[in-house]
Amino acid sequence: KERARAGSIRQEFLEAYAAGRRSETKSQDAPHIPPYRGVLVDLPRNYIPLSGLKQIIRFLSELNLNVLHLRLSDDQGFMVDQLESIQGTPATTTTASRLYSIVELRDLDDYARQHQVVIVPEIGVPGHAGGWIGGGGDSKIVVPCPKEACRTAWSIPLDVSRKEAVDTVFSVVMEILEKIFPHAPFVHLGGDDLANANSCFREAGISSNRSGFEAGL
């Protein structure tokens, strides 16, 4: 729909130009689903340095896009360093093995606001949580299924049967909102692919209580 509207606007300008009505032509443009018009960047799978993310923000601003959706966690890594709520830095298996500090992400948020772009952070739960493994105090809430992890290397879930999982996710979300992205309208929680993790739950002998996890959040 957005592409069709853009084509229609372009046609209006061409017709007005051909008819010599340049000064009379007006066009109103807005997202089909206001106020969201943006792009998603998957950082755990594709590390981008801060300078590259700022370049993306400039491109968005020039194209009248207003949202940069930043995926900060996935099976490949948890990309935020120094979060107190997880008591340590989770491991990352991204090629570059790089994390973003709180200071860097706050700087990115300020830069985005200067260009009229809103950053929406995403912490993917309860599926795609393999990147949580390795931090002091957080890996215990990830389902222990080493055989399935070695077989698939993706869709490793949080242990949704544990209250600690809900508490930790809540603490992480609040810390991200309060310390890093205070202007974000919300934190995206992913919510996908838990069904694909059923074999992981079976290996660990754990019930996949997704509804209970969601109710807890």
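Figured I'd write up the structure that's included with this text.

1. A word on the pattern of salt bridges
If you walk through the whole model with that rule in mind, you get ten salt bridges. Among the ionic pairs, E122 bridges to R71, the shortest N-O distance being 3.2 Å. Residue E122 is located in strand β4 (residues 118-125), and its partner R71 is located in strand β2 (residues 67-74); the two are separated by 51 residues in the primary sequence. As far as the burial class goes, E122 and R71 line up, both buried. Between E175 and K179 there is a salt bridge, and its shortest N-O distance comes to 3.2 Å. Highlighted residues: E175 and K179, both in helix α5 (residues 163-180), separated by four residues, approximately one helical turn. Of the residues examined, K179 reaches a relative accessible area of 30% and is grouped as partly exposed. Within this structure, D42, R45, R71, D74 and E122 form a network of salt bridges that share partners.

2. So, the environment of D159
Topologically, D159 is positioned in the loop between α4 (146-152) and α5. Remark: the alpha-carbon pair of D159 and P126, spanning 33 residues in sequence, is separated by 7.8 Å. Excluding residues that lie within four positions of it along the chain, D159 makes contacts with I141, V142, V143, A165 and I206.

3. Thoughts on the pairing of strand β1 (residues 38-42)
When β1 meets β2, the two strands line up parallel, connected through five bridges. Across the sheet, V39 pairs through a bridge with L68, a residue of β2.

4. A word on helix α3 (residues 102-114)
The end-to-end C-alpha separation of α3 is 19 Å, in line with the 18 Å expected for 13 residues at 1.5 Å each. Where α3 is concerned, the buried positions are I102, L105, L108, D109, Y111 and A112. Buried-residue contacts for α3 involve α2 (50-62), β2, β4 and α5. Positive phi appears at Q116, one or two residues downstream of α3, with a value of about 60°.

Procedures and definitions
- Residues numbered from 1 in each chain as written.
- Predicted model: local features only at pLDDT ≥ 70, side-chain atom pairs only at ≥ 80, totals over all residues.
- Heavy atoms only, no water.
- Salt bridge = Lys/Arg side-chain N within 4 Å of Asp/Glu carboxyl O.
- Helix = DSSP H or I, 4+ residues; strand = E, 2+ residues; numbered from the N terminus.
- Buried < 20%, exposed > 50% of the residue type's maximum accessible area, 1.4 Å probe, protein only.
- Contact = heavy atoms within 4.5 Å.
- Pairing = 2+ DSSP bridges.
- Expected span 1.5 Å × (residues − 1).

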